[in-house]
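# Observations on the three-dimensional arrangement
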Amino acid sequence: MEVLHIIKYMGSKRNILDFVVEAIDDVLENENQRLYDVFGGSAVVSGAYRNKLNVTCNDIQTYTSILAGTYLKNYDWNNYSVNLLDEIITEAEAKVLRFKKANKDFKFDYSNSLTFQEIKKLEEKQQSLLNFGFNGLDHLFAKNFSGTYWSYEQCVWIDALSGVARSEKYRNTFIYNAIMSSLMFAMSYCTQSTGHYAQYRDVNESNMKDILFYRRKEVLPLFKQKFNSLRETFHENNPNRFEFEATQLDFSELLDNIEEGSIVYSDPPYQFVHYSRFYHALETLARYDYPEVKYKGRYRTDRHQSPFCIKTKVKNAFETMFEKVFNANSTLILSYSDTGMISLEKLLSIAETIFLNYNIEIREIDYKHSTMGRQGDKSRNVKEALIICSPNN
C-alpha cells in the first residue's frame, strides 16, 4: 500500500504498512467501526484508511495532527486560484525580504569555496543569534536554529512559509496542512543532521563537505515539489467520505473515551528514547510559540516524557492500555518488537491476564528498523510483532 511520503520518521511503519493494514482489515467487522491510531507519529497508518473508515489519529505531539489532517482532510482546490502555489510563494518572498531588510547586517554566505576555519566561523556566528534580540516579524527559527540543523537562510524561509500558513487566509483551511506538511518535508531534506533533530553535527574537517552540501540546499524547491505532489494526490475526485479527527491527548485519556467495539491500533515507543527529543523542532514549528530552549540540541524545556520509554513505568503503562481497551470491548492491535523495553513474552503474559475471553494472536515479520543514526548505525535487523487481542464473539 502506498501512502504519500512527507517526513523522515524514526520507527515509521511505512515500510511494513501492508503488514499492519492486513492485521487491521482482518479484525474489521464493518465500515462503521472507528479506528483509533493511539500514537499517530507520522500518521501513515491513519493515512492508509482515508476514505475507508472513521479515524481518530492521536498523538501528544502537535505536528502529528497537521500530518493527519494532510492525509485525511478533503481538498477543495476549486475554491482557490490555479496559481495558488505562486501566490503562497509570493507572500513568503515578501516576508523574507522584509525580514532581511530589518536585519541587513546578517549575511552568511556558503556559496564560495570555503576553508574549514571559515565554515566553522560561519556556523558559530549563526548559532550566536540565539542571544540576539530580534524585534517583531516572525523570527523563531532564525533565532533558535540558525547554524544548527539549518542555516540562517533556510531558517528565514522556514519562518516565512510557516507565517503564510498561519495567516488568517489559510489558518483554518486544508491549505494550512498542505503548506505545513510541504515545509516539514523540505526541512527533513535540508537538515544537516541525520534525519531527526536530537542533535546537529558540529562541523569538522572530515564532514565539512557533507555539511556544505546541506547548507547550500534551498527550502523553496523542496517545498514546491511536495506541495505539487499533494495537489496531484488529494483532489476533488478523491474525497474522504468518512469522519476523521486529530487529537492531542495522553494515551490514557484518549482510551477513556473510545467508542465501544472499536479498533485500537497502538504503536508506542519501543526504546528509552523520547520522540519529543528527536522531533522537538517539528513540535516548535507546529506550535510556533517561541519556547525556552536549552542545551546543544536547542530542546524545548516542556518536552513530553512517555512512560513507555521509562523502565520503571513501562509495565504499568501497558497494563493501563490493555485494561481500557478491554473495558470498551474493543480490539487492540499492538505494534512492538523483540528489542523493546519489555519482552514480547511478558507482553503476551500481561495480555492473557487482562483480555479474558479474547482471542490473542501474535504475528511477526523480519524488519530492518531505521535508527536514523541514533546509535551510530542507520538500521538494524529486528523482529517486528503485532499482538492482536480481539473479543471472542
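Note that the structure is a prediction, hence the values are computed from the model and not measured.

All right, on to the pairing of strand β4 (residues 263-266) then. The alternating pattern of β4 places Ile263 and Tyr265 on one face and Val264 and Ser266 on the opposite face, and all of these are buried. Sheet analysis places strand β1 (residues 34-37) next to β4, joined by three bridges and oriented parallel. Its bridge partner lying in β4, aspartate 37 is registered against tyrosine 265. Where β4 meets strand β7 (residues 331-337), four bridges bridge the pair, whose relative direction is parallel. Across the sheet, the residue bridging to serine 266 is leucine 334, located in β7.

What follows covers the pattern of salt bridges. As enumerated under the stated definition, the model contains 21 salt bridges in all. We note a salt bridge from lysine 383 to aspartate 366, for which the minimum N-O separation is 2.9 Å. Of this pair, lysine 383 sits in strand β9 (residues 379-391) while aspartate 366 sits in strand β8 (residues 358-370), and the two are 17 residues apart along the sequence. Each of Glu283, Arg287, Asp289, Arg300 and Asp302 takes part in a single network of salt bridges with overlapping partners.

This model, assessed by the stated rule, comprises 42 aromatic pairs. An angle of 90 degrees between the planes, with centres 5.9 Å apart, marks the rings of phenylalanine 145 and tryptophan 150 as edge-to-face. Pair check on accessibility: phenylalanine 145 and tryptophan 150 agree, each one buried. Aromatic ring contacts, followed pair by pair, group Phe39, Phe251, Tyr270, Phe308, Phe318, Phe322, Phe326, Tyr336, Phe355 and Tyr358 into a single cluster. It is arginine 171 that lies over the ring of tyrosine 176; its NZ or CZ is 4.2 Å from the centre. If you follow lysine 296 out to its NZ or CZ, it ends over the ring of tyrosine 200, 4.8 Å from the centre.

Take helix α14 (residues 314-327) next. Between the first and last C-alpha of α14 there are 20 Å, a value that for 14 residues agrees with the 20 Å anticipated at 1.5 Å per step. If you check which residues of α14 are buried, you get Val314, Ala317, Phe318, Thr320, Met321, Phe322, Lys324 and Val325.

Our next topic: the side chain of serine 146. Structurally, serine 146 is set in the loop between α6 (140-145) and α7 (152-165). The exposure class assigned to serine 146 is buried, which follows from its relative accessible area of 0%. Every residue in contact with serine 146, bar those within four places of it in the chain, is listed here: Gln126, Gln127, Leu129, Phe141, Ser151, Tyr152 and Cys155.

A contiguous patch of negative charge, built from Glu2, Asp18, Glu22 and Asp25, is present on the exposed surface. Looking at the secondary structure, you find glutamate 22 in helix α1 (residues 17-27). For glutamate 22, a relative accessible area of 46% corresponds to the partly exposed category.

Reading the values: the criteria
- Residues numbered from 1 in each chain as written.
- Predicted model: local features only at pLDDT ≥ 70, side-chain atom pairs only at ≥ 80, totals over all residues.
- Heavy atoms only, no water.
- Buried < 20%, exposed > 50% of the residue type's maximum accessible area, 1.4 Å probe, protein only.
- Helix = DSSP H or I, 4+ residues; strand = E, 2+ residues; numbered from the N terminus.
- Pairing = 2+ DSSP bridges.
- Salt bridge = Lys/Arg side-chain N within 4 Å of Asp/Glu carboxyl O.
- Phe/Tyr/Trp six-rings, centres within 6.5 Å; stacked < 30°, edge-to-face > 60°.
- Lys NZ or Arg CZ within 6 Å of the ring centre and 35° of its normal.
- Expected span 1.5 Å × (residues − 1).
- Contact = heavy atoms within 4.5 Å.
- Patch = residues over 30% accessible without salt bridge, like charges linked within 9 Å, V, L, I, M, F, W, Y side chains within 5 Å.
- Areas by Shrake-Rupley, 256 points an atom, 1.4 Å probe, with all protein chains shown as cover.
- Lys, Arg positive; Asp, Glu negative; His and termini not counted.
- Charge placed at Lys NZ, Arg CZ, Asp CG, Glu CD.

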